[in-house]
Amino acid sequence: MTSPLILGLESSCDDTAAALVRGQEVLASVVLGQSDLHAEFGGVVPEIAARAHAERLDGAIMQALDEAETSLSDIDAIAVTAGPGLIGGVVSGVMMAKGLATGLNKPLIGVNHLAGHALTPRLTDGLDYPYLMLLVSGGHCQFLIVRGPEDFTRLGGTIDDAPGEAFDKTARLLGLSQPGGPSVEAAAQGGDETRFRFPRPLLDRPGCDMSFSGLKTALLRQRDQLIDEKGGLTEQDRKDVCASFQAAVRDVLVEKTRRAIAAYLDEAPASPALAVAGGVAANMTLRAGLQDLCAETGLRFTAPPLRLCTDNAAMIAYAGSELFARGKRDDMSLSARPRWPLDQNAAPLLGSGKKGAKA
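The following paragraphs examine the structure supplied in this document. Only a predicted model underlies this, so the values are computations on that prediction, with no experimental measurement involved.

Right, let's talk about unusual backbone geometry for a bit. Following glycine 83, the chain continues into proline 84 via a peptide bond in cis, with omega recorded as -15 degrees. At the junction of glutamine 178 and proline 179, the peptide bond is cis and its omega measures out at 0 degrees in the coordinates.

Structurally, the position occupied by arginine 250 is in helix H8 (residues 235-265). Classification of arginine 250 as buried rests on a relative accessible area of 16%. Ignoring any residue separated from it by four or fewer positions in sequence, one finds arginine 250 in contact with Glu193, Thr285 and Leu286.

With that settled, the discussion passes to the sheet that holds strand S1 (residues 5-10). Read across the open sheet, the 5 strands follow the order S3-S2-S1-S4-S5; overall the sheet is mixed. The open sheet has two edge strands, strand S3 (25-33) and strand S5 (108-112), and neither has a second partner. Pairwise comparison of adjacent strand axes, ignoring direction, gives a mean angle of 20 degrees for this sheet. Pairing geometry for S1 and strand S2 (residues 15-22), over 6 bridges, is antiparallel.

Moving on to the packing of helix H6 (residues 180-188) against H8. In contact at an axis separation of 7 Å, H6 and H8 are set at 110 degrees when each is read in the N-to-C sense. In terms of their interaxial angle, H6 and H8 are classed as roughly perpendicular. Note on packing geometry: the crossing formed by H6 with H8 is left-handed. Here Val184, Glu185, Ala187 and Ala188 of H6 lie close against H8, whose contacting residues are Lys239, Cys242, Ala243, Phe245 and Gln246.

To continue, consider the environment of cysteine 242. Here cysteine 242 shows up in helix H8. Residues cysteine 242 and leucine 123, spaced 119 residues apart in sequence, show a C-alpha to C-alpha distance of 33 Å. Discounting residues that sit within four places of it in the chain, cysteine 242 has contacts with Leu174, Leu176, Val184, Ala187 and Ala188.

Moving on, we get to helix H4 (residues 113-125). Taking 1.5 Å per residue as the helical rise, H4 with its 13 residues ought to reach 18 Å, and the 19 Å between its terminal C-alpha atoms agrees with that figure. With 11 of 13 residues buried, H4 is to be regarded as a mostly interior element. Regarding H4, the residues found buried are His113, Leu114, Ala115, Gly116, His117, Ala118, Leu119, Thr120, Pro121, Arg122 and Leu123. You can read the cap of H4 off the contacts: a side-chain oxygen lies 2.8 Å from the backbone nitrogen of leucine 114, and it is on asparagine 112. Positive backbone phi, at 65 degrees, marks glycine 126, one or two positions downstream of H4.

Judged by pairing direction, the sheet is mixed, and its 5 strands sit side by side in the order S8-S7-S6-S9-S10 without closing on themselves. The sheet terminates laterally at strand S8 (151-157) and strand S10 (300-302), the two strands that pair on one side only. Taking the axes of each pair of neighbouring strands and ignoring which way they run, one obtains an average angle of 25 degrees across the sheet.

Right, let's get into the pairing of strand S4 (residues 77-83). Within a regular strand, the side chains alternate between the two sheet faces. In terms of burial, S4 is largely enclosed, as 7 of its 7 residues are buried. In this structure, S1 lies alongside S4, joined through 4 bridges in parallel fashion. Each residue of the ladder has a partner; that of isoleucine 6, found in S4, is alanine 77. In this structure, S4 lies alongside S5, joined through 5 bridges in parallel fashion. Residue pairing across strands places alanine 79 opposite isoleucine 109, the latter belonging to S5. In this view, the connection linking S4 to its parallel neighbour S5 by way of helix H3 (residues 87-104) has right-handed handedness.

What the rule picks out here adds up to 1 cavity of 30 Å³ or more. Approximately 30 Å³ is the volume attributed to the largest cavity. What lines the largest cavity is simply Phe167, Gln246, Val249, Arg250, Val280, Asn283 and Leu286. Classifying every residue of the lining of the largest cavity by side-chain character gives 4 nonpolar, 2 polar and 1 charged.

Right, let's get into the pattern of salt bridges. Taken as a whole and judged by the stated rule, the model has 18 salt bridges. Of the charged contacts in the structure, one is a salt bridge between arginine 250 and glutamate 193, with a shortest N-O distance of 3.2 Å. A residue pair is termed long-range when its members are at least 10 positions apart, and arginine 250 in helix H8 and glutamate 193 in the loop between H6 and helix H7 (213-230) qualify at 57 residues. Judged by relative accessible area, which is 36%, glutamate 193 ranks as partly exposed.

It is worth spelling out the side chain of threonine 16 at this point. Its place among the elements puts threonine 16 in strand S2. Among the polar contacts made by the side chain of threonine 16, one reaches the side chain of histidine 53 at a distance of 2.7 Å. Beyond its immediate stretch of four places on either side in the chain, threonine 16 contacts Glu10, Val30, Val31, Leu32, Gln34, Ala52, His53, Arg56, Leu57 and Ala60.

Criteria and thresholds
Residues numbered from 1 in each chain as written. Predicted model: local features only at pLDDT ≥ 70, side-chain atom pairs only at ≥ 80, totals over all residues. Heavy atoms only, no water. Helix = DSSP H or I, 4+ residues; strand = E, 2+ residues; numbered from the N terminus. Buried < 20%, exposed > 50% of the residue type's maximum accessible area, 1.4 Å probe, protein only. Contact = heavy atoms within 4.5 Å. Pairing = 2+ DSSP bridges. Axes fitted to C-alpha atoms, helices over the stretch in contact; angles between N-to-C directions. Parallel < 35°, antiparallel > 145°, perpendicular 65-115°, else oblique. Left-handed = near helix turned anticlockwise from the far one by under 90°. Expected span 1.5 Å × (residues − 1). Polar contact = N/O pair within 3.5 Å; in protein donor to acceptor, adjacent residues only side chain to side chain. Right-handed = clockwise from strand over helix to strand, strands pointing away. 1 Å grid on protein atoms, 1.4 Å probe; cavity = no way out; pocket = protein on both sides within 12 Å on 5 of 7 lines; lining within 4 Å. Points joined across faces, edges and corners; volume = space filled by probe spheres on them. Nonpolar A, V, L, I, M, F, W, Y, C, P; charged D, E, K, R; others polar. Salt bridge = Lys/Arg side-chain N within 4 Å of Asp/Glu carboxyl O.

Shown next, in the form of structure tokens:
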């Protein structure tokens, strides 16, 4: 039996994306970035992002259809990110999906953006349920036991800044380009990670919760101290600060992952596996630390290809296909949601940072 052809739409932040997925085959994946629109502001401007999504979604869809050599009439269902995210962008995608679903008389499926990331290892590596997921991105960081497309148990998460936010803020503090993750990682390649001993927050406390705001503050103080002493930052100073910061993030995530693995293995999964997804999962230093940990603990390690770590619509289409197979359908009452926790039974995480609670 042929798997259904799913059109996926993603517009939760600053990437306008459309994709066509059939089963585990990505027939087309188009991502139209907006970095040029936000560069002068040092971060994503929600109103600009929303307007760009509204202007670009139809073009992204047509490009995906051309790449897959198919047409709208061949689509079996439309999956769209319905949250969480910047509400203007999410609304743009939801309204586009509703219009297509109505005009084509096709089923509509609202997808949690975080579930898209969390299910990506099923698309790329065919992981069996349950597996342990470290979801680590610009606005989110949490450990999840993934038992199904709508069945998640959160073991812990960040109580303030997510690692991606910390990378972006570090880049701004050091005069590097945005997005901060790739810029900091590139600078760190030539740096000495032992030169500055930045804090490893919450390692002295039990559990899997994390904090990164204090690490960012420590980096700011170190930068200011270097500027006071030398009248500015040398290129090597910048590289060493980046490497030391990146090492601190790695150490925190690896140790917290160790604790999450222990809780996950208590369930005696038949095929134990750790997956990491989200934009920060593209960081090779972090991946190496997690790979070593999995080799030590006997878990399979998997991470999506870099193009599927950052926001994309292929993950939304695939998540939609799993929901579609289980009979999920949405109607025109589908609403955009700025927040949408994966684990509906978990208490909200303490701490909110500037963007609100990351739960």
